[in-house]
Amino acid sequence: MKRRSLDTILAQAGHFVDGVTGAVTPPIHPSTTFARGDDYELIGDYIYSRYQNPTYDQVEHLVAELDGGAEASLFSSGMAAITAVFETVNIGQHIVAPTIMYHGAQDWLRRISEKNNIGLTLFDATDPNALRQAIKPGKTAIVWIETPVNPTWDIIDIADTAEAAHDAGAILGVDCTVSTPITTRALQLGADLVFHSATKYLNGHSDVTAGILVTRETDERWQEIKFIRKHVGGVLGAFEAWLLLRGMRTLSIRFERASSNALKIAQHFEGHSKIKTVLYPGLESHPGHVIARRQMTNGFGGMLSLCVKGGATEAKAVATKLKLFVSATSLGGVESLVEHRASVEGPLSQVQPNLLRLSVGIEDVDDLIADLEQAFEII
Ligand SMILES: *Cc1c(COP(=O)(O)O)cnc(C)c1O
């Protein structure tokens, strides 16, 4: 049989028919501990749930298959996973990351760089020469990127970045939270590690906090990441892991609808009298469009930004006047959200003050456009 498509893998996530009960959904394993047999041998593969649990295993196998990786490791949040990756960098080594990226991850990089004598160079992802200038051959351990870049949705070429990292003896980690394995398969493009904040699209219902890493190879760094998870204990509860598995069963149709809604909203508001620019990689006018067409093989995702004519005051007034879009941070849920990103990121933010970030959900797109139109009347 040919390899099943991602749609089939997702729809049947964790699917099996239980031989004893006939149940068609997987069980939850809340047990924290696992019994041994007569000779004190382990009965299954499990010892204690901080190490591993059958419900995490189900999620990890699924996401490893989606990304085409060797293994995956599930954490209690995206940041628990990201900090585990950077925990593997030694004193005196160096990290390269973009100037604009998930602010929590960048805050963490600044902290470890100051406290642990780890070099950090931030590069401008829109400048094609900046990456190679930022990398220090023999010293750079990890190049970390995010694509599309939040909240400008600039696209970074994963294959090019992987080549630059590998030439210098570094590995490439890619935060694919916004693109998901539905449209971008970073390991196939040369990345060594892929990260998803599963709090976002993978779970998709704004009710579980989780993060997951997928590796191309089960190398020494991967073993260290697993050691860190086991000893720091950043693991999910079994119920949350099960909810995440259930959420993922509808990932492909949720992502498809969010992408098509976002494209229609972007097209509708491009050139609108109240809008200065629409930032969406699916628009030909977007600087990352050509790479996006190559790298995002199945839709441009549900995230876009509208830069209004005016400044922070006008942008915040629009956000407050929206009725269907809820003013809240986060992304990737079935419901649409709006965020004035500069306010959320605080004083160090590099985000322009007139930018409103939309996480487009799966509602009727005409309702969403009408809501935005009525809110723009305020400016
Ligand atoms: C939310 C997010 C994270 C952090 O994940 P948490 O689950 O909130 O810890 C990292 N990267 C991106 C792009 C995100 O959107």
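Residues numbered from 1 in each chain as written. Predicted model: local features only at pLDDT ≥ 70, side-chain atom pairs only at ≥ 80, totals over all residues. Heavy atoms only, no water.

1. What to know about the site of the ligand
M79, D175, S197, T199 and K200 are the nearest of the 14 residues found near the ligand. G78 places a main-chain nitrogen or oxygen 2.9 Å from an oxygen atom of the ligand. The separation between an oxygen atom of the ligand and a polar side-chain atom of T199 is 2.7 Å. Protein coverage of the free-state accessible area of the ligand, which is 380 Å², stands at 91%. Elements with a contribution of two residues or more to the shell around the ligand: α3 (78-87) and β6 (193-197). (Near = heavy atom within 4 Å. Polar contact = N/O pair within 3.5 Å; in protein donor to acceptor, adjacent residues only side chain to side chain. Areas by Shrake-Rupley, 256 points an atom, 1.4 Å probe, with all protein chains shown as cover. Helix = DSSP H or I, 4+ residues; strand = E, 2+ residues; numbered from the N terminus.)

2. Considering the sheet that holds strand β7 (residues 211-215)
Sheet strands pair via backbone hydrogen bonds, and the direction of the pair is either parallel or antiparallel. If you walk across this open sheet you meet the seven strands as β1-β7-β6-β5-β4-β2-β3, and the pairing is mixed. For this open sheet the edge positions go to β1 (71-75) and β3 (119-123), each flanked by a neighbour on one side alone. Strand-to-strand twist of the sheet, defined as the mean angle between neighbouring strand axes without regard to direction, takes the value 20°. Across the sheet, helix α4 (residues 103-116) is in contact with β2 (94-98) and β3; its angle to β3 comes to roughly 145°. (Pairing = 2+ DSSP bridges. Axes fitted to C-alpha atoms, helices over the stretch in contact; angles between N-to-C directions. Contact = heavy atoms within 4.5 Å.)

3. Points about the domain arrangement of the chain
A common way to express how large an interface is: the accessible area buried when the components associate. Assigned domains of the chain: these are domain 1 (6-248) and domain 2 (251-378). For domain 1 versus domain 2, the separation of C-alpha centres amounts to 26 Å. With 36 residues of domain 1 in contact, the opposing surface of domain 2 contributes 34 residues. Taken together, the two surfaces of domain 1 and domain 2 that pack against each other cover about 3000 Å², and 59% of this comes from carbon and sulfur. A per-residue breakdown of the area domain 1 buries against domain 2 is headed by W153, I155 and Y201, which together make up 25% of the total. Across the contact surface, domain 1 and domain 2 share one salt bridge. Residue R294 pairs with D157 through a salt bridge whose shortest N-O separation is 3.1 Å. Here domain 1 and domain 2 share 20 residue pairs in polar contact (both at pLDDT 80 or more) between them. Of all elements in the fold, only α1 (6-11), α4, α7 (180-183) and α9 (238-248) reach the threshold of two or more residues within the side of domain 1 that touches domain 2. In terms of residues, the side of domain 1 that touches domain 2 owes the most to one element, α7, which gives three residues. (Domains from an automatic or database assignment. Buried area = accessible area lost by both parts, 1.4 Å probe. Salt bridge = Lys/Arg side-chain N within 4 Å of Asp/Glu carboxyl O.)

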